[in-house]
Amino acid sequence: MKHDLRIFLLLWLKKTPNNVLLQKVKNHLEMVLSTVQSKNKQLEEDLKRAFNELQNKMLQLKIYKEELLNALGEFLAEHFPLPENGGSAKKKGSSEEPSVELITLHEILEMLINKLMSTPHEPYVKINDSFWPPYIELLLRHGIALRHPEDTKRMRLEAFHM
């Protein structure tokens with residue numbers, strides 16, 4: 001196509017006087033420029049529209065995420081409360097005061113999710129005395145979390161998306 005256009009222009013140049021030729025080329029180039037500018041303006045408008053749509057969808061997703069997290073929190077608070085003894089852990093057979101304040105299942109899940117999202121290459125959380133053992137067992141038995149293959153004091157959230 002470029003070759004045909006060159007031949008056409010060369011033949012046309014030979015037949016047309018210079019000032020008429022320059023005026024026609026100028027008119028043609030102005031028309032091409034106008035077309036390109038119009039197309040560019042349309043593309044910018046389309047881009048802005050698409051960007052606004054994506055922003056709205058992101059906002060809707062954030063609202064939906066908050067609703068899901070609130071529903072999860074309410075469900076966990078209702079169905080998985082801390083033990084009745086004030087939410088603190090005692091060593092077996094010990095009559096002394098509890099040493100560590102237990103954390104809720106919701107807090108454990110939040111830690112696991114945050115760790116997975118912040119460092120996906122190292123998603124393991126260290127299990128300490130503030131984790132109530134029945135909650136750990138619940139997460140492990142139901143495949144929600146997995147223990148580290150070499151360190152039983154660490155666990156991570158199961159990768160559900162894979």
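Under the annotation held in an unreviewed UniProt entry, the protein carries the name Centromere protein K and is attributed to Bubo bubo.

J.: Would you mind going over helix 4 (residues 133–141) with me for this structure?
T.: Taken as a whole, helix 4 has its buried residues at Y135, I136, L139 and L140. The arc that holds the buried residues of helix 4, viewed along the axis, is 130°, so those residues lie on one side. Among the exposed residues of helix 4, those pointing more than 90 degrees away from its buried face are P133 and R141. Within two residues after helix 4, G143 carries a phi angle of roughly 70°, on the positive side.

J.: I tried to follow the confidence of the model for the protein on my own but got confused; where do I start?
T.: Low-pLDDT stretches of the model should not have their predicted coordinates read in fine detail. In the predicted model, the protein carries a mean pLDDT of 86, and 81% of its residues have values of at least 70. When the elements of the protein are averaged for pLDDT, strand 1 (residues 88–89) gives the smallest value, 55, and strand 3 (residues 125–126) the largest, 97.

J.: Explain the packing of helix 3 (residues 105–118) against helix 4 here, please?
T.: When two helices pack together, you describe them by how their axes are tilted relative to each other and by the distance separating the axes. Helix 4 packs onto helix 3 with a crossing angle of 55° between their chain directions and a minimal axis gap of 10 Å. Viewed along their axes, helix 3 and helix 4 adopt a mutual orientation that is oblique. Handedness of the helix 3/helix 4 crossing: right-handed. Across the interface between the two elements, L105, I108, L109 and L112 of helix 3 pack against Y135, L138 and L139 of helix 4. Per-class residue counts for the contact of helix 3 with helix 4 are seven nonpolar, no polar and no charged.

J.: For this particular structure, what's the right way to read the side chain of R156?
T.: By secondary structure assignment, the location of R156 is in strand 5 (residues 154–157). At 4.3 Å, E158 is the nearest oppositely charged side chain to R156, a buried residue that forms no salt bridge. In this structure the side chain of R156 is engaged in a polar contact, spanning 3.3 Å, whose partner is the side chain of Y124.

J.: Explanation requested: the pairing of strand 5 in the structure shown.
T.: As a general feature of sheets, a regular strand has side chains that alternate between the two faces. Where strand 3 lies against strand 5, two bridges are found, and the strand directions are antiparallel. Across the sheet, residue V125 finds its bridge partner in strand 5, namely M155. Relative to strand 5, strand 4 (residues 145–147) is paired through three bridges, and the arrangement is antiparallel. Across the sheet, the residue bridging to A145 is L157, located in strand 5.

J.: What is the right way to read the sheet that holds strand 3 from this model?
T.: Backbone hydrogen bonds hold the strands of a sheet together, and the pairing may be parallel or antiparallel. Pairing is antiparallel in the open sheet, where three strands are placed in the order 3-5-4. Both outer strands of the open sheet, strand 3 and strand 4, are each paired with one neighbouring strand and no more. Helix 4 rests against strand 4 and strand 5 of the sheet, and its axis sits at about 100° to strand 4.

J.: How should the packing of aromatic side chains be read in this particular structure?
T.: Any pair of aromatic rings gets described here by the distance separating the centres and the angle formed by the planes. On inspection of all chains with the given rule, the structure shows two aromatic pairs. An angle of 90° between the planes, with centres 4.9 Å apart, marks the rings of W132 and Y135 as edge-to-face. Accessibility expressed as a relative area gives 25% for W132, which makes it partly exposed. The exposure class of Y135 is buried, given its relative accessible area of 3%.

Cut-off values and rules
Residues numbered from 1 in each chain as written. Predicted model: local features only at pLDDT ≥ 70, side-chain atom pairs only at ≥ 80, totals over all residues. Heavy atoms only, no water. Buried < 20%, exposed > 50% of the residue type's maximum accessible area, 1.4 Å probe, protein only. Helix = DSSP H or I, 4+ residues; strand = E, 2+ residues; numbered from the N terminus. Arc of directions from axis to C-beta. pLDDT = per-residue confidence, 0-100. Axes fitted to C-alpha atoms, helices over the stretch in contact; angles between N-to-C directions. Parallel < 35°, antiparallel > 145°, perpendicular 65-115°, else oblique. Left-handed = near helix turned anticlockwise from the far one by under 90°. Contact = heavy atoms within 4.5 Å. Nonpolar A, V, L, I, M, F, W, Y, C, P; charged D, E, K, R; others polar. Lys, Arg positive; Asp, Glu negative; His and termini not counted. Salt bridge = Lys/Arg side-chain N within 4 Å of Asp/Glu carboxyl O. Polar contact = N/O pair within 3.5 Å; in protein donor to acceptor, adjacent residues only side chain to side chain. Pairing = 2+ DSSP bridges. Phe/Tyr/Trp six-rings, centres within 6.5 Å; stacked < 30°, edge-to-face > 60°.

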